[in-house]
Amino acid sequence: YAGSIIDSIWLQTKLNWISMMKYVFRLATMLTVITAVTFSIESGAQASYDPSARDLQRIVTWFEGDFDNEEQVWFENDPRSSVPSSDRHEPLHVTRWRVHLPAFGEYVFYVEEYTDDNPTKLSSRYLVAFESAREAGIRMRTWFLTNSKGSPSESRDLSAIEQVTRDDVVSLGHGCDVLWVS
């Protein structure tokens, strides 16, 4: 009888040990999976994190519109400013429209500059594209139009501009991008 009790205790202990080992194995497996998933999510988040994303959204929101240098001209012409006439700026008006030109990037603007508050006196026409340069800030690239495809300043019709290709522009060249850094 004592032998069967000892055998029974031994068998129960062995079964408990096996159950405990199965539990430990399952727990270790779960912890390994959780650790791997967490690491994968964290490394994926770090790889996709863009420190310039918020600033890029802000600048493309602010960039479109009509702007002029009226205050600058007024100040430079004021006798109290002591700006020599040779250093004074002429009145300049800038109009920027967001356009759909995927060949140039996601955030592309068509820009017209004209003088004397007269849209027929175009002084410059160009495209500007913004993109994230990640840790380096926001990159602004510029292309000048080499042909007379559409001028929407009077009609506000951007369809001709949205037909522009890389053959219709000239770039300032490699290394001439502007980096906006916060």
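Along each chain, numbering runs from 1 in the same order as the chain's sequence is written. Thresholds applied to this predicted model are a pLDDT of at least 70 for local features of residues and 80 or more for the giving and counting of side-chain atom pairs; totals over whole chains, interfaces and linings are not thresholded and use all residues. Hydrogens and waters are ignored; side-chain quantities use all the structure's heavy atoms.

**Considerations on the overall build of the protein**
Next up, step 1: For the protein, the helix and strand inventory stands at three helices and seven strands.
Next up, step 2: Going through the 182 residues of the protein one by one, you find that 27% of them count as buried.
Next up, step 3: Contact definition: two residues touch when any of their heavy atoms are within 4.5 Å. Restricting to contacts in the protein with at least 6 residues of sequence separation, those with at least 24 account for 50%.
Next up, step 4: Every accessible area reported is derived by Shrake-Rupley at a probe size of 1.4 Å, with residue values counting cover from the shown protein chains alone. Of the roughly 12700 Å² that the protein leaves accessible, carbon and sulfur atoms contribute 58%. Segments assigned H or I by DSSP are reported as helices when at least four residues long, segments assigned E as strands when at least two residues long, and all are numbered from the N terminus. When a residue's accessible area, from a 1.4 Å probe over protein chains only, is under 20% of the maximum for its type it is buried; when over 50% it is exposed; and in between it is partly exposed.

**A look at the side chain of R125**
Next up, step 1: Secondary-structure assignment places R125 in strand β4 (residues 122-132).
Next up, step 2: By the counting scheme adopted, Arg and Lys are positive, Glu and Asp are negative, and His together with the chain ends is not counted. Any carboxyl oxygen of Asp or Glu that lies within 4 Å of a side-chain nitrogen of Lys or Arg is treated as forming a salt bridge with it. One buried charged residue, R125, remains without a salt bridge, the closest side chain of opposite sign being E112 at 4.3 Å.

**Here's the deal with the pairing of strand β5 (residues 138-145)**
Next up, step 1: The pairing of β4 with β5 spans seven bridges and is antiparallel. Following the sheet pairing, V128 is matched in β5 by T142.
Next up, step 2: Hairpin connection, β4 to β5: the antiparallel pair is bridged by five residues, and R134 has positive phi, about 55°. Whether two strands pair depends on DSSP finding at least two bridges between them.

**A closer look at the pairing of strand β2 (residues 92-99)**
Next up, step 1: Strand direction decides the pairing type here: strand β1 (residues 65-68) and β2, joined by four bridges, are antiparallel. Residue F67 lies in a different strand from β2, and its bridge partner there is V94.
Next up, step 2: In the sheet, β2 pairs with strand β3 (residues 107-115) via eight bridges, with the strands oriented antiparallel. From the neighbouring strand, W97 faces β3, where its bridge partner is Y110.

Note that all results are geometric; they support no functional claim without further evidence.
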